[in-house]
Amino acid sequence: MSKIKLLSLMISFMLVISMLAGCGTANKNQSTNQSAEPAGKEVKITLLNSKGEVQAQLEEAAKVFSNENPGIVLEVIPCPAGGSPFEKVTSMYASGNAPSLAMLDPGDIVKFKDKFVDLTSEKWVEDTIPGVADAATIDGKLYGFPSTIEGFALIYNKKVLDKAGVDPASIKTRKSLEDAFKKVEASGVAPVVISPMDWSLGAHFLSIAYVDQAKDGDSLKKFMQSLKEGKADLKNNKIFTGLMETFDVLKKYNIDKNDPLAGTYERGPELLGKGTVGFWFMGNWAWPQIKSFDTADGQYGFVPVPISDNADDYGNSQIIKGTSKFIGVDKEQNSPEQQAAAKKFLNWIVYEKSGQDFLVNKANFIPAFKNITLEIQDPLGKSIKDYMTQNKAMNSIDTYFAMPADHWKQVGASMQKYLAGQSDVETLAKEIEEYWKQAK
């Protein structure tokens, strides 16, 4: 055999050995990657957040949850400021990108029940405070996770009231409210600020006229049904007209009365926290913002919005509370793995210390669950709990009647016109009645 042939054979042999070794290494690496893949596979889920005031807190909670649950990545998507959660979720479904978890208003849960997972068998259902999940219960099935109990009325800055010689406990009538405004004004402070957002005026303030109609749910449902049927006569309804007379008092003493629609939500907590005004109509969700401007050492609380000059009238001593937001889990466009991860996040909120810490201490939510024993730290949450303990907290209208998704926007616009002096009570009543006749 020639030297050239021998050299060629040796080179070929070495190439074969090298290729076999490489294949072995590749097979070994491939085997290693396959066995590691399930453990390293990420499940990405999304949460549409319609409570902009806790966006930062939710984003931080998502990081903590993902760290404690390797393999699950949670992204928090904010709903556009002032936008309708219903419209946002509808558009996301239309684009084939439905969120794994959607935080919605109570009335919207009904509209998405066919797209949401039935949560009735979840562990946390047994630990839910009775009644708080009623608005998301349809035909015996639960389609929403009650994220928080909230309340709204007139928030006061006690430091301002003390200086003016006003005892908040004395405010039980329209006259006593105006007397308090006069004293605050005489002390050199503007009495009140009215935030003109349609959701505040339409979903919150006007809802007092609904809830104050009766103490029992059946009577409230009948009244709301009469609105839908065009049988209600608001301009001659003493609850509605009484509430609007109180609104006239608020307008009279509003720090923004010369330009009532110019205000923003962000301005309210600054004015109240700095003691520029004595009162602000809003809910306990505003505490994180008020806290950043606090000059009263955390001394804040609620007084009801009176509807008459008779202290014994129903509503004059009560505030409104309810489950303001429910979280639904999508079953149409999210995989079983994503659905399982979404459920795990809800359980994390209820049962894990870090989840409870987010709910109570970071987001300042009032828990809807009996097992969460963390003490509410913020003064507004404490005030609501006090009203609940005294049985002076009325359920929100959503507890009894599924409000249309466009209610706050449509009637809110009518309330804005009234606030700006562009309509009278009779016109406002007619516009609200016309809305309800065509409401879906």
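Model, not experiment: these values are computed from the prediction. (Residues numbered from 1 in each chain as written. Predicted model: local features only at pLDDT ≥ 70, side-chain atom pairs only at ≥ 80, totals over all residues. Heavy atoms only, no water.)

Here we look at helix H16 (residues 407–419)
Line of reasoning, step 1. For H16, with 13 residues, the first-to-last C-alpha span of 18 Å sits near the 18 Å given by 1.5 Å per residue.
Line of reasoning, step 2. The set of residues buried in H16 consists of His407, Trp408, Val411, Gly412, Ser414, Met415, Tyr418 and Leu419.
Line of reasoning, step 3. Residues of H16 that are buried make contact with helix H7 (198–205), helix H8 (207–211), helix H10 (238–253) and helix H17 (425–438). (Helix = DSSP H or I, 4+ residues; strand = E, 2+ residues; numbered from the N terminus. Expected span 1.5 Å × (residues − 1). Buried < 20%, exposed > 50% of the residue type's maximum accessible area, 1.4 Å probe, protein only. Contact = heavy atoms within 4.5 Å.)

A few points about the pattern of salt bridges
Line of reasoning, step 1. Under the definition given, this model contains 20 salt bridges.
Line of reasoning, step 2. Where arginine 174 meets glutamate 245, a salt bridge forms, and the shortest distance between an N and an O atom there is 3.3 Å. Of the two residues, arginine 174 is situated in helix H6 (residues 174–186) and glutamate 245 in helix H10; the sequence distance between them amounts to 71 residues.
Line of reasoning, step 3. Taking the relative accessible area as the measure of exposure, arginine 174 reaches 12% and is therefore buried.
Line of reasoning, step 4. In this structure glutamate 245 comes out as partly exposed when scored by relative accessible area, which is 41%.
Line of reasoning, step 5. We note a salt bridge from glutamate 270 to lysine 274, for which the minimum N-O separation is 2.8 Å.
Line of reasoning, step 6. For lysine 274, a relative accessible area of 45% puts it in the partly exposed group.
Line of reasoning, step 7. Among the ionic contacts, a cluster of salt bridges with common partners joins Lys51, Glu53 and Glu150. (Salt bridge = Lys/Arg side-chain N within 4 Å of Asp/Glu carboxyl O.)

What about the nonpolar core?
Line of reasoning, step 1. Leu101, Tyr210, Phe247, Phe279 and Trp436 are the most contacted members of the largest nonpolar core, which totals 134 residues.
Line of reasoning, step 2. Broken down by element, the residue count for this core peaks at eight residues, all from H10. (Core = buried A, V, L, I, M, F, W, Y, C linked by side-chain atoms within 4.5 Å.)

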